[in-house]
Amino acid sequence: MSTSSSSSTFKFAACQLMVGSDKDANIQTARKAVEHAAQGGAHMVALPECWNCPYSSSSFPTYAETVPDGPSTKALANLAATLKIYLIGGSIPERDGDKLYNTSVVFDPKGDIIAKHRKLHLFDIDVPGKITFKESDTLSAGTTPTVFDTAYGRIGLGICYDMRFPELALLYAKRGARFLCYPGAFNMTTGPAHWELLQRGRAVDNQVYVATISPARNPDSTYTAWGHSSIISPWGEVVATTDHAEGIVYADIDMSRVEEMRTNIPVYKQKRTDLYNVEDLTS
């Protein structure tokens, strides 16, 4: 069970899970990992993208469930309340009427839902000879950027491909987020090239912490995840990371480093908003 921390410091845990085709088994895998992370002192725990099902367009309709009444969401709510932690529920395929979404649900230490993010940018790419994927074959895009408040500060939430869009990260920073969290499942083509690069870019651009949480690499999966879940500091340092295997990545987060960075290199006071700006169209 998590212990208390100061208002600006906390221990974060990224659970890199091995995901298979058995949904109930995936839920139990997540439960054990979250319990282990909390026993390790984590105040905030995050799961990967599509932690309860294989990452494939054909799987999304089969594994989709409603929120908050589905078994995956109920399991996470119970975990957060029992362990008294903040729990960022990676993502699951959500069914809402006749539409499906790639959705992340966030819980406070009472087990209450404090945020729900539907992936804004769908992963539709075609790299000839390497990878083709089209989430829009089955999924709909979300319409609302997501920030939420915790005892440690405000957090911005995106899912995987959302990380490629610097405007969204800047929007979150302008809304007061000091920590950005991206459950994601980059692959063996995009992962080696861009996974760490994008995390460090978003961190330095916005002078915030960035965390990414990937599934572990499953050799039997039709979509092979890169892994390498990581936490990046506002300076762009890789605070903690791992390889492609199942495991938990811990990092001690000190939110005061955000203000220190912004004081030392005050780009927020130096932006030329008379020449350019990112406009918030949804607040």
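To be clear, the structure that these remarks concern was listed above.
Rules of the game
Residues numbered from 1 in each chain as written. Predicted model: local features only at pLDDT ≥ 70, side-chain atom pairs only at ≥ 80, totals over all residues. Heavy atoms only, no water. Helix = DSSP H or I, 4+ residues; strand = E, 2+ residues; numbered from the N terminus. Rg over C-alpha atoms; globule rule 2.2 N^0.38 Å. Buried < 20%, exposed > 50% of the residue type's maximum accessible area, 1.4 Å probe, protein only. Contact = heavy atoms within 4.5 Å. Areas by Shrake-Rupley, 256 points an atom, 1.4 Å probe, with all protein chains shown as cover. Lys, Arg positive; Asp, Glu negative; His and termini not counted. Charge placed at Lys NZ, Arg CZ, Asp CG, Glu CD. Core = buried A, V, L, I, M, F, W, Y, C linked by side-chain atoms within 4.5 Å. Arc of directions from axis to C-beta. Salt bridge = Lys/Arg side-chain N within 4 Å of Asp/Glu carboxyl O. Pairing = 2+ DSSP bridges. Axes fitted to C-alpha atoms, helices over the stretch in contact; angles between N-to-C directions.

(A) Examining the overall build of the protein more closely. Counting its regular elements, the protein contains seven helices and 15 strands. By the compact-globule yardstick of 19 Å for 283 residues, the protein fits well, its C-alpha radius of gyration being 18 Å. Counting only C-alpha atoms and orienting by the principal axes, one finds that the protein spans roughly 50 × 45 × 35 Å. Counting every position in the protein, which comprises 283 residues, the buried fraction comes to 53%. Looking at the protein alone, contacts between residues at least 24 apart form 69% of all its contacts between residues at least 6 apart. As displayed, the protein offers around 12000 Å² of accessible surface, 50% of which is attributable to carbon and sulfur atoms. Across the protein, the centroid of the 27 positively charged side chains sits 3 Å from that of the 31 negatively charged ones.

(B) Up close: the nonpolar core. Formed by 25 residues in total, the largest nonpolar core has its most connected members in Phe12, Phe179, Cys181 and Ile253. Only strand 1 (9-16), strand 2 (44-46), strand 3 (86-88), strand 10 (153-157), strand 11 (179-183), strand 12 (209-213) and strand 15 (247-254) provide two or more residues apiece to this core. Setting aside chain neighbours within four positions, we find phenylalanine 179 in contact with Phe10, Phe12, Arg154, Ile155, Gly156, Val208, Tyr209, Ala211, Ile253 and Met255. Counting 24 residues, the second-largest nonpolar core is a separate cluster that includes Ile27, Ala30, Leu79 and Val105.

(C) Focus on helix 6 (residues 256-264). For helix 6, the complete set of buried residues consists of Val258, Met261 and Arg262. Buried positions in helix 6, seen along its axis, are confined to an arc of 95 degrees and lie on one side of it. When the buried face of helix 6 is taken as reference, the exposed residues oriented beyond 90 degrees from it are Thr263 and Asn264. Turning to helix 6, the residues buried within the fold contact helix 4 (166-174), helix 5 (190-206), strand 12, strand 15 and helix 7 (267-270).

(D) Inspection of the pattern of salt bridges at higher detail. This model, assessed by the stated rule, comprises 14 salt bridges. Note that arginine 200 and glutamate 196 form a salt bridge whose closest N and O atoms lie 3.4 Å from each other. Placement of the pair is arginine 200 and glutamate 196 together in helix 5, with a separation of four residues, close to one helical turn. Since its relative accessible area comes to 39%, glutamate 196 is described here as partly exposed.

(E) Looking closely at the sheet that holds strand 14 (residues 238-241). Here we have six strands laid out as an open sheet, ordered 9-10-11-12-13-14, and mixed in their pairing. Single-partner strands in this sheet number two, and they are strand 9 (146-150) and strand 14. Mean inter-strand twist for the sheet, computed between neighbouring axes without regard to direction, equals 20 degrees. Two strands pair when backbone bridges link them, and strand 12 and strand 13 (residues 230-232) are joined in this way by three bridges, in the antiparallel orientation.

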